[in-house]
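Per-entry structural report
Chain by chain, the residues run as shown.
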Amino acid sequence: MYRYMKVVLVCAVCSSFVVLAGCAGGDGAFLFGKSSALIGPAAISHEATGGTEGFFFLPPIAPDPSPGGTFDATLASDLEVEVVDLDLGTTVVIFTDTATTNSSETIRVNADDEHYIVNFHTDLYDLPDGQTCRIFVRRKSDGAVYGFADVQVFANMKEAKSLVDDTTFALKDGRTLPVKFRIEQHAEPAVLLLYEKDSNWNIVEGGASGVLAYCPSGPTFDYFFDGGGLQADTEYNLIYYADPWPGNNPGALIASGMADGSGNIQLAGSIDLGMDLPQWPDENLADGAKIWLVPSSDYNLGTNAMTGWNTTEYLFEDRLITYDDTDVNG
Ligand SMILES: [Ca+2]
Ligand SMILES: [Ca+2]
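Throughout what follows, the structure given in this document is the object of discussion.

A word on the sheet that holds strand β5 (residues 108-110)
Remark on secondary structure: sheet strands pair via backbone hydrogen bonds, oriented parallel or antiparallel. With antiparallel pairing, four strands are arranged side by side in an open sheet as β2-β10-β6-β5. Single-partner strands in this sheet number two, and they are β2 (55-57) and β5. Put simply, the sheet's adjacent strands are angled 30 degrees from each other on average, direction ignored. Looking at chain direction, β2 and strand β10 (residues 176-183) are connected through three bridges and run antiparallel. Considered in β10, the bridge of Phe-55 is made with Ile-183.

Regarding unusual backbone geometry
Here the amide bond leading from Pro-59 into Pro-60 is cis, since omega sits at 10 degrees, within 30 degrees of zero. Note on placement: Pro-60 falls in the loop between β2 and β3 (79-85). Pro-250 follows Asn-249 through a cis peptide bond whose omega is 5 degrees. Secondary-structure assignment places Pro-250 in the loop between β15 (235-241) and β16 (252-258). We note that Glu-114 has phi near 55 degrees; this positive angle belongs to a residue other than glycine. Summarising the element assignment, Glu-114 is placed in the loop between β5 and β6 (115-121). Using a count of 16 C-beta atoms within 10 Å as the deciding quantity, one classes Glu-114 as partly exposed. Phi at Asn-304 is positive, roughly 65 degrees, even though this residue is not glycine. In this fold, Asn-304 is placed in the loop between β19 (299-300) and β20 (305-306). The class of Asn-304 is buried, set by 20 C-beta atoms lying within 10 Å.

Conventions and cut-offs
Residues numbered from 1 in each chain as written. Chains lettered and ligands numbered in written order. Predicted model: local features only at pLDDT ≥ 70, side-chain atom pairs only at ≥ 80, totals over all residues. Pairing = 2+ DSSP bridges. Helix = DSSP H or I, 4+ residues; strand = E, 2+ residues; numbered from the N terminus. Axes fitted to C-alpha atoms, helices over the stretch in contact; angles between N-to-C directions. Buried ≥ 20, exposed ≤ 12 C-beta atoms within 10 Å, placed from the backbone.

Pasting the structure below:
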């Protein structure tokens, strides 16, 4: 099972926080705030916050959306909802449309109201007071993430009110949280998780990790990246790595930035790559593009080639992605 470490993520519930304007906006423009606005455990990634187009969390986790597409009621058997304990980095529970101990803890479709729902019975799990849980919605067949939402569980709501601001979704322990979400036809998961991996390419438990939200198509590659557990005060490059070694086939630099004194990094922007991903002659052309985060000291900005191989310092993608630069090659 995947392991996660806690990373500070964009809270986009509140408009004063950093918000990706969304992939649907014709000009591809993103709005970015100051990094100081990134503090806080609350995070949600869905279309309304610049995440996967056509994927929405619904009340009570998020406000009613303004959906523009057609609901897809056919996906239940290929969905998975995983609740992760962000402090321990462990899985609390995984819901599917079948296997659970509690009948209401299955993913069900409500075609009339155009949503999927699974009830998260917090009383069935041992959740410490103040615990932050991240709820991932993913495609079961390939693990691709549609989006996620963080909730914080408290012993009582009085405590919750004293500890969190209005951007945190607080839940009283023992209550049942209806996790409702909407997926529209042709919605393509646009959240990529990156991990530190060991020599067998397994995810390192409690290792460094990151989340990349991106727009799968557009004239520019629009992205927000949030990573943690990295080397403090170190410059990193977020790259498209195109095989074979050393990755300049053609490869591309997406962004550069400094990890802070705690080893956290946030990168946000919009770059004209001038190519689709993956791009010939990348050996992964048939499958998708590799996205890595590597220290700048191991990367040649001029040639897009790797110059070192210190894998304990890198984050690797958990799946290959595709991106369509809409003003190149159709
Ligand atoms: Ca372009
Ligand atoms: Ca294209």
